[in-house]
Structures are given as structure tokens and as C-alpha cells.
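Residue strings, one per chain:
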Amino acid sequence: MQRFGLLIGTGQIFFSLFGFFALVAWGWWVGLVSIRGPQTLAFGLVVVWFLFSAVASAESPDRGVETSPASLAMVLVTNSIFLFGPSTRFSNEAVLPVFLFYVRLCAVLAIVQIVLQFGGIRIFSFKDAIPALDPVLVESAYNQNAVEFYGSLNRRANGFFPMEPGALSQLLAVGVVIDVFILRRLAYLPLYAISYVLTRSGSGLLVLVVSLSVYPLIAPLKSLRVIAIGAAVALMIGTTYLIAPEPFDPIVSRLDEFSSTKSSGYARYVAQLQTWDYLFQTDRVLIGSGPGGLERSPAYFGGSGNPVLKLVADYGIVGLLIFLFYLVLSIFRKDNSMLALTMLACYQLGGGNLAMAPFLIMMAMLCVWSQSPGAGLRSIRPQAL
């Protein structure tokens with residue numbers, strides 16, 4: 001559902017958010033959903049601070065920067081999804097298999113897209129397949145028809161359901177983490193690898209590298225296996241690149257994008273440095289410029305936003321710390337630290353934002369509602385018997 005929604009100005013309202021809350025309401029009615037106490041208290045702190053920042057910005061605007069009450073409402077409503085969790089009747093173990101089916105479906109569809117492209121058939125968006133759906137699609141706000149290189153007619157695989165090729169590459173990275181580090185299964189790695197190469201995107205690999213590098217810092221006692229597997233995967237990729245570099249050339253060549261002001265790589269990872277410099281020259285860096293302040297900042301470069309930058313610009317360093325406390329409290333458990341870390345890396349490095357409902361719902365499902373098989377939690381099946 002992530003491509004479906006309404007375009008409102010420069011923002012989007014995703015239908016998946018309404019679908020999630022409808023499922024939560026039904027789950028509450030039948031006893032499958034519970035309210036999470038600690039997370040509710042933490043979210044209360046978020047609400048109080050964000051409202052304070054909004055009022056302060058209204059009373060004393062920062063360098064004339066306008067604010068957006070709608071931005072505040074959307075951020076709070078979207079991120080309230082972490083307040084809900086599974087009751088003891090919910091079958092946690094069913095979530096990961098369903099998610100992995102989705103990952104593998106997208107991986108197969110990515111290969112099908114490229115095969116069809118050889119025959120001149122290019123179907124990379126719902127609008128291409130069913131033009132009548134255009135009024136209820138948000139695809140035009142994203143690069144779902146990304147070309148292999150500037151001037152090319154060939155497009156990069158996006159798996160049809162993910163928003164764009166970069167989103168598919170990150171989805172595959174999450175699939176690798178679940179299969180390898182949680183389920184300890186390697187059978188589907190060739191499928192993931194082939195599909196990943198077809199995305200011509202580096203963001204999924206960046207997410208994996210960051211996650212594997214940071215994990216020893218948050219779970220030193222469990223990191224030996226992760227380091228060993230990561231080293232083995234890196235060795236395998238490096239050896240494959242030396243033997244047959246051609247499939248990797250499109251991804252490697254995209255490194256040149258960091259120097260081009262017209263590229264997504266520049267916008268996502270370089271241009272934001274100018275915005276950071278601007279923020280730390282203002283006296284509002286602690287409390288922020290108010291909701292929507294980042295996009296209305298004179299130093300903002302289109303496409304360069306990310307959650308941390310957005311939080312500091314709108315709600316200040318204090319708001320960043322309060323929100324991170326709420327988010328970490330919501331998604332981290334003792335048994336899922338590697339998965340939660342990977343989702344946070346996707347969140348920050350993958351071009352998301354504070355109200356990106358499709359990704360946040362996926363984060364909630366994987367980090368709140370799921371349980372790896374055999375972990376020992378109660379499920380609905382024994383009770384049904």
C-alpha cells in the first residue's frame with residue numbers, strides 16, 4: 001500500500017496509515033492489541049515538547065521562518081503507531097514469515113521487471129500498469145521510474161511495490177538481516193543479491209555496512225557471530241567483484257553522483273551539511289524553529305532531509321533527544337537489537353522522514369509485533385487448541 005495516498009501540497013497522506021489504525025481498532029475489539037505503558041509515557045513527553053516548540057515558534061518566529069501546524073499533527077499521529085503492541089493472544093511468530101514472503105516477492109518482481117524491459121515492456125509503477133489509479137497514487141513524489149544513468153531509457157528495478165529502487169535495496173538489506181542473523185538461513189541470499197544488483201542502488205549496502213559496524217557497540221557479547229558473518233559476506237562480495245565486476249559497475253559508478261548537485265546522492269548525503277551549518281549558527285538550535293521549519297529554512301536543499309536533521313531543525317536538540325528516547329524504547333528488545341538497529345539505519349540513511357507512514361509501519365511490525373520462531377513467547381495457536 002505504500003504507493004497509495006493523496007498528495008497535499010508538498011506532503012503526502014498515506015492510505016496505509018488509515019489501514020493500520022483500522023487493523024489496530026479491530027485488534028483492540030477482539031483482544032489482539034494492547035496499549036504499551038512505558039511508550040505511552042515517553043510519547044507524552046514528545047507531545048509536550050513538540051507543542052512547546054510550536055508555541056514558542058509562533059510567539060517568536062525564527063528569522064521569519066513560517067511553521068506548519070499540519071506538519072506537527074501528521075508527525076504526532078503517524079508516530080503514535082508505536083503506542084500499540086500485541087497482546088498475549090497475538091501470534092507474533094507469524095509476522096516474520098509473512099514479511100519475508102513480501103521481500104522475496106519484490107525480489108522476484110524486480111528480476112521480472114528487467115527481463116520484460118529487454119523486450120521493451122517497462123512496468124515500474126502502478127500508474128504505468130493502471131493509469132486510472134493516478135489520483136490515489138503518491139508515485140509522482142518519488143523516483144519510481146529511475147533510469148540506469150542519465151540519458152538512458154532503461155530503468156532500475158524497484159520490485160513494483162516498494163516506492164523506488166533505493167527502497168527495494170533497503171528492503172532486501174532488511175531481508176538479509178532477518179534471514180541470516182535471526183533465522184540463520186542462507187538459502188535466499190542469491191535471490192537477494194541478484195535483485196539488489198538490478199536496483200543499481202547503494203543505500204541498502206550502506207545500511208548493512210553501518211548496521212554491522214555499529215552492532216558491536218550496542219551488543220558486544222553477541223557481536224562475534226555478526227562480525228564473522230559480515231566479514232564472510234564482505235569477502236564474498238569483494239571476490240565476486242574482482243572476478244566479475246560488470247554487474248557492480250552501475251553501483252560503483254553512482255559514487256560520482258556525490259559531486260553532482262543534481263543527483264540524489266548529493267541531496268541525501270552532501271547538501272545537508274549546509275543546512276547543519278545554518279542550524280548551528282542560530283540561537284534556536286536547542287528548541288527548534290517549529291513544525292515544518294526545515295523545509296522553509298533558507299538553507300534547505302530539496303531532497304536533503306532526514307529524520308535527525310528534521311528533528312533538530314523543527315524541535316531542536318532537546319526534541320531530538322526526547323524523540324529518540326521514545327523511538328528506541330519503542331523498538332529495541334533484548335532479542336531484536338540487530339534488526340532494530342538496521343531499521344534505524346534505514347530510517348536515517350534511506351531518505352525517509354518523520355511522517356513516512358509506510359516505512360514506520362514496517363518498522364513497527366518488525367520490531368514491535370514480530371517474534372522470531374522458537375523464542376518462547378505465547379502464541380494464539382495453543383490457546384485456540
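Since the model is a prediction, treat every value here as computed from it, not as a measurement.

Rules of the game
- Residues numbered from 1 in each chain as written.
- Predicted model: local features only at pLDDT ≥ 70, side-chain atom pairs only at ≥ 80, totals over all residues.
- Heavy atoms only, no water.
- Helix = DSSP H or I, 4+ residues; strand = E, 2+ residues; numbered from the N terminus.
- Buried < 20%, exposed > 50% of the residue type's maximum accessible area, 1.4 Å probe, protein only.
- Core = buried A, V, L, I, M, F, W, Y, C linked by side-chain atoms within 4.5 Å.
- Contact = heavy atoms within 4.5 Å.
- Axes fitted to C-alpha atoms, helices over the stretch in contact; angles between N-to-C directions.
- Left-handed = near helix turned anticlockwise from the far one by under 90°.
- Nonpolar A, V, L, I, M, F, W, Y, C, P; charged D, E, K, R; others polar.
- Parallel < 35°, antiparallel > 145°, perpendicular 65-115°, else oblique.

A.B. asks: So what's going on with the environment of Leu41? Which residues, and what values?
C.D. replies: Mapped onto the elements, Leu41 comes out in helix α2 (residues 37-59). Residue Leu41 is classed as exposed on the basis of its relative accessible area, which comes to 65%. On a C-alpha basis, the gap between Leu41 and Leu83 in space is 9.4 Å, while along the polypeptide they are 42 residues apart.

A.B. asks: Account for the nonpolar core, with residues named and values stated.
C.D. replies: Residues Phe50, Phe82, Phe99, Phe323, Met343, Met363 and Leu366 are the most contacted members of the largest nonpolar core, which totals 90 residues. Sorting elements by how many residues they give to this core places helix α13 (residues 307-331) first, with 11 residues. Look past the residues within four positions of Met343 in its chain and what remains in contact with it is Val174, Phe359, Met362, Met363, Leu366 and Cys367.

A.B. asks: An account of the packing of helix α1 (residues 15-30) against helix α15 (residues 357-367) is requested, with residue identities and associated values reported.
C.D. replies: Put simply, α1 and α15 touch, their axes get as near as 8 Å, and they point 35 degrees apart. Viewed along their axes, α1 and α15 form a crossing whose handedness is left-handed. Contacts between α1 and α15 involve Ser16, Leu17 and Phe20 on the former and, on the latter, Ala357, Pro358, Ile361 and Met365. Along the lines of polarity and charge, the residues of the contact of α1 with α15 split into six nonpolar, one polar and no charged.

A.B. asks: I'd like a description of the packing of helix α4 (residues 95-118) against helix α7 (residues 189-199), backed by residues and values.
C.D. replies: Remark: α4 packs on α7, axes separated minimally by 9 Å, with the N-to-C direction vectors making an angle of 50 degrees. Regarding the angle of α4 to α7, the classification is oblique. Read as a crossing pair, α4 and α7 show a hand that is left-handed. Residue-level contacts link Leu100, Val103, Arg104, Ala107, Val108, Ala110, Ile111 and Ile114 of α4 to Leu191, Tyr192, Ile194, Ser195 and Leu198 of α7. Looking at the contact of α4 with α7 residue by residue, the class counts come to 11 nonpolar, one polar and one charged.

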